[in-house]
Amino acid sequence: LWTQDDPKGVWLERLLFFSELRGEDFYLNYTCRAYSSRGFPEGYFTLLPTDPNIILPFGLVVGGVTALFIISVTVYYIFRIDIVLCFRRVFPVLYANKDLDGKLYDAYVAYPNPGAFGFNEEVEEFVLQTLPKVLEQACGYKLFIAGRDCLPGQAIVDSVDENLQASRRVLLLYNASTFISKRHTSSTSSNNNNITKINDEDDKIESKTSESTGSVGFDGGDRVVSDTRQQLECMVAMNRALLEGSIKVVLVELEEIAPAQQALLPESVRHLRKRQGAVCWWKALGVRQRRRTSSRWRKDKEKGGKDSQVSPSLLPSSMFWKEIRYHMPVRGKRAVYPEKTALLNL
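Analysis parameters
- Residues numbered from 1 in each chain as written.
- Predicted model: local features only at pLDDT ≥ 70, side-chain atom pairs only at ≥ 80, totals over all residues.
- Heavy atoms only, no water.
- Core = buried A, V, L, I, M, F, W, Y, C linked by side-chain atoms within 4.5 Å.
- Buried < 20%, exposed > 50% of the residue type's maximum accessible area, 1.4 Å probe, protein only.
- Helix = DSSP H or I, 4+ residues; strand = E, 2+ residues; numbered from the N terminus.
- Phe/Tyr/Trp six-rings, centres within 6.5 Å; stacked < 30°, edge-to-face > 60°.
- Lys NZ or Arg CZ within 6 Å of the ring centre and 35° of its normal.
- UniProt positions renumbered as here; feature names shortened; annotations may be inferred.
- 1 Å grid on protein atoms, 1.4 Å probe; cavity = no way out; pocket = protein on both sides within 12 Å on 5 of 7 lines; lining within 4 Å.
- Points joined across faces, edges and corners; volume = space filled by probe spheres on them.
- Nonpolar A, V, L, I, M, F, W, Y, C, P; charged D, E, K, R; others polar.
- Pairing = 2+ DSSP bridges.
- Contact = heavy atoms within 4.5 Å.
- Axes fitted to C-alpha atoms, helices over the stretch in contact; angles between N-to-C directions.
- Expected span 1.5 Å × (residues − 1).

1. Notes on the nonpolar core
Link 1 in the chain: Core analysis: the biggest nonpolar cluster contains 25 residues, and Leu172, Val249 and Leu251 have the highest contact counts within it.
Link 2 in the chain: Where this core is concerned, the elements lending two or more residues are strand E5 (107–110), helix H3 (156–165), strand E7 (169–174), helix H5 (228–244), strand E11 (248–253) and helix H7 (267–276).
Link 3 in the chain: Here the element with the most residues in this core is H5; it accounts for five residues.
Link 4 in the chain: Of all hydrophobic cores here, the second largest spans 24 residues; its members include Leu135, Ile145, Ala284 and Trp321.

Structure below.
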């Protein structure tokens, strides 16, 4: 209660409380009348609902979507190989039938041939026994392996070109000494020509300069590639993969390669390794060795003391073979147009 000079009078303020509000009470005109000795002044008002607070639900929705996206990306990054392989198995109709593309092989296996640097018994066993046992027998792929599937008497150039063209992938197997046989360690520099001296008993033989011998490395350096077939396979495969884009090359490291050894790899191999990575067989062997050490490969006495477990490195469900299958072509069921099939068969 207070008095006021302009306009002059006595003013009284009261609060109006509503004990309950319903939906039908909104948007109606209400009259408020004051009774006094000076008259009965009236006022009018309408009840309106308050505006909804959308900040909180909007923030919850945005936060939930962001968290779901981060979790989905993380899960896919960690389990992307399993997710992709499962998707291919469940929905094969989304992929074209590879049997109608005119290719004979799912993969061309390029590896150090016998007598070449980088070839050993482990490489031979892996190529001729392990790969066919898992990829061909267990997974159903068809591989071309030089030395096993070559035609007798066929020229190397023709064999490499024809079979690469008939393959969907190239499995390039290599180790630390595959592309490099040796480096010129006892070389002297004179007018940018390196002369290597080789001592053979009492005779000294001076080799020709690196410019005139033609035994340059894969990228034109002082590296020596000993095997002609492997050199040709690398050149043709990398050319079609990096320049033409007509085939995909999958790098398979058979042993761990130190950073200093990686610097000696061909530039094309380093580029492809940096772009898409390499499937490491030596990691599978390391896991196998750790499991063997920890569990001692429990023996089954009823089977004459033989191992009761299958070697993890030979299981198609192991991580190494999942990565290989991830890069291998998909055998889809979607039909190919007859026109395309006819053109491919020409």
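2. Topic: the packing of aromatic side chains
Link 1 in the chain: Counting across every chain of the model gives 12 aromatic pairs.
Link 2 in the chain: Plain terms: the ring middles of Phe320 and Trp321 are 4.8 Å apart, the flat faces sit at 80 degrees to each other, and that makes the pair edge-to-face. An identical accessibility class is assigned to Phe320 and Trp321; each is buried.
Link 3 in the chain: Connected via pairs of aromatic rings, a cluster forms that spans Phe126, Trp281, Phe320 and Trp321.
Link 4 in the chain: The lysine or arginine in question, Arg80, covers the ring of Tyr77, its NZ or CZ lying 5.3 Å from the ring centre.

3. Things to note about the UniProt feature "transmembrane region" (unreviewed entry) in the protein
Link 1 in the chain: Under the UniProt annotation, "transmembrane region" (unreviewed entry) lies at residues 54–79.
Link 2 in the chain: As annotated, residues 54–79 comprises 96% helix and 0% strand, and the C-alpha atoms at either end are separated by 37 Å.

4. Quick word on the layout of surface pockets
Link 1 in the chain: If you add up the space inside the largest pocket, you get close to 550 Å³.
Link 2 in the chain: What lines the largest pocket is a set of 19 residues, and nearest its centre among them are Leu12, Glu13, Ala34, Tyr35 and Pro41.
Link 3 in the chain: Looking at the lining of the largest pocket, the elements with two or more residues in it are strand E2 (8–11), strand E3 (29–33) and strand E4 (42–46).
Link 4 in the chain: In terms of residues, the lining of the largest pocket owes the most to one element, E2, which gives four residues.
Link 5 in the chain: Class assignment of the residues belonging to the lining of the largest pocket gives a composition of 10 nonpolar, three polar and six charged.

5. Concerning the sheet that holds E5
Link 1 in the chain: Across the sheet, five strands lie side by side as E6-E5-E7-E11-E12; this open sheet has parallel pairing. A strand with exactly one partner marks an edge of an open sheet, and here the two such strands are strand E6 (143–145) and strand E12 (279–280).
Link 2 in the chain: With three bridges joining them, E5 and E7 adopt parallel strand pairing. Within E7, the residue paired with Ala110 across the bridge is Leu172.
Link 3 in the chain: Sheet contacts for H7: E7 and E11; angle to E11, the most-contacted strand, approximately 90 degrees.

6. Points about the environment of Phe91
Link 1 in the chain: Within the secondary structure layout, Phe91 lies in the loop between helix H1 (55–90) and E5.
Link 2 in the chain: Note: C-alpha distance between Phe91 and Gly332 (241 residues apart in sequence) is 8.5 Å.

7. Some words on H5
Link 1 in the chain: Here H5 contains 17 residues, and its C-alpha end-to-end distance of 23 Å stays within 8% of the 24 Å for a straight helix at 1.5 Å per residue.
Link 2 in the chain: Residues of H5 that are buried include every one of Arg229, Gln230, Glu233, Cys234, Val236, Ala237, Met238, Arg240 and Ala241, and no others.
Link 3 in the chain: A positive phi of about 70 degrees marks Gly245, the residue just after H5.

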